[in-house]
Amino acid sequence: MKSTRQEQRDDLVLPEGVPVINPDVTAAEAAADLRALPWWTYALLMVAAPLMGLVFALRGPRAFLDEDQEVQDLPSTSRAEMLADNPVEHAMTDRRDQRLLDALGEIHSERHQEEIRVAVVYGAGHVPAIVSGLWNRYGYRPREAEWLTVLVPG
């Protein structure tokens, strides 16, 4: 079976004029968040990262994603529960979650009188922070959701 790769560009899937916001952190900010971890955790990451990169290069994403890939936002196993409250996970996601909530807050401030749809293209692990943040800030609660699988290890 022949595989064709297609770059995912906004202009290929969105109508003209639809704004796209990317409230993400920079590499320097992510590195600063990791350096703020306890020294032993940071040191372990610095040793493990090259090894994980080698495994990823040899085995591909399947080496890390098969067991933990989820299509829901709540941990379904004790291992997933343990990983969900990991300080490294918080270092990698908390600032991103805050940036996303701030961007959604700007949309709310500018457009809350209108009936609009907003697509949030983040992984399922970010959904609890989004849901609780929108509930706490504006009293929003989810009414519907559409889950899309965007990475299938192959």
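About the thresholds
Residues numbered from 1 in each chain as written. Predicted model: local features only at pLDDT ≥ 70, side-chain atom pairs only at ≥ 80, totals over all residues. Heavy atoms only, no water. pLDDT = per-residue confidence, 0-100. Helix = DSSP H or I, 4+ residues; strand = E, 2+ residues; numbered from the N terminus. Patch = residues over 30% accessible without salt bridge, like charges linked within 9 Å, V, L, I, M, F, W, Y side chains within 5 Å. Areas by Shrake-Rupley, 256 points an atom, 1.4 Å probe, with all protein chains shown as cover. Salt bridge = Lys/Arg side-chain N within 4 Å of Asp/Glu carboxyl O. Buried < 20%, exposed > 50% of the residue type's maximum accessible area, 1.4 Å probe, protein only. Core = buried A, V, L, I, M, F, W, Y, C linked by side-chain atoms within 4.5 Å. Contact = heavy atoms within 4.5 Å. Expected span 1.5 Å × (residues − 1). Bend = angle between axes of the 7 residues up to and from the residue.

S.K.: How should the confidence of the model for the protein chain be read in this particular structure?
M.R.: Do not read the fine detail of predicted coordinates wherever pLDDT is low. Averaged over every residue, the pLDDT of the protein chain is 76; residues scoring 70 or more account for 71%. The secondary-structure element of the protein chain with the lowest mean pLDDT is helix α5 (residues 78-84), recorded at 63, while helix α7 (residues 127-138) shows the highest, at 90.

S.K.: Got a minute to help me understand a nonpolar patch on the surface in this structure?
M.R.: Where nonpolar side chains cluster on the molecular surface, the patch consists of L14, V18 and V20 and spans about 220 Å² of accessible area. Turning to its location among the elements, V18 is positioned in the loop between α1 (10-13) and α2 (27-35). Residue V18 is classed as partly exposed on the basis of its relative accessible area, which comes to 39%.

S.K.: I keep staring at the pattern of salt bridges and nothing clicks. Help me out?
M.R.: When the charged atoms of two side chains lie near each other, side chains of opposite charge can form a pair. Applying the stated rule across the entire model yields six salt bridges. The residue R96 makes a salt bridge to D24 at a minimum N-O spacing of 2.7 Å. Taken together, the residues R96 in helix α6 (residues 87-111) and D24 in the loop between α1 and α2 connect sequence positions 72 residues apart. In this structure R96 comes out as partly exposed when scored by relative accessible area, which is 23%. Overall, D24 belongs to the partly exposed group, its relative accessible area being 30%. One salt bridge in this structure joins D33 and R95, with 2.6 Å as the shortest N-O distance.

S.K.: Which parts of the structure should I look at to understand the nonpolar core?
M.R.: Looking at soluble globular proteins, one finds that nonpolar side chains tend to be buried together. Core analysis: the largest hydrophobic core is formed by five residues, namely L100, L101, L104, I130 and L134. Of all elements in the fold, only α6 and α7 reach the threshold of two or more residues within this core. When residues in this core are grouped by element, the largest group, three residues, is from α6. Every residue in contact with I130, bar those within four places of it in the chain, is listed here: L100, L101, L104 and V120.

S.K.: It is not clear to me how α6 should be interpreted in this structure. Could you clarify?
M.R.: The α-helix advances 3.6 residues per turn, and as a result positions three or four apart in sequence lie on the same side. Along its 25 residues, α6 runs 35 Å from first to last C-alpha, staying within 8% of the 36 Å computed at 1.5 Å per residue. At T93, α6 shows its maximal bend, which comes to roughly 35°. Among the residues making up α6, those that are buried are A91, T93, D97, L100, L101, A103, L104, G105 and H108. Where α6 is buried, its residues contact α2 and α7.

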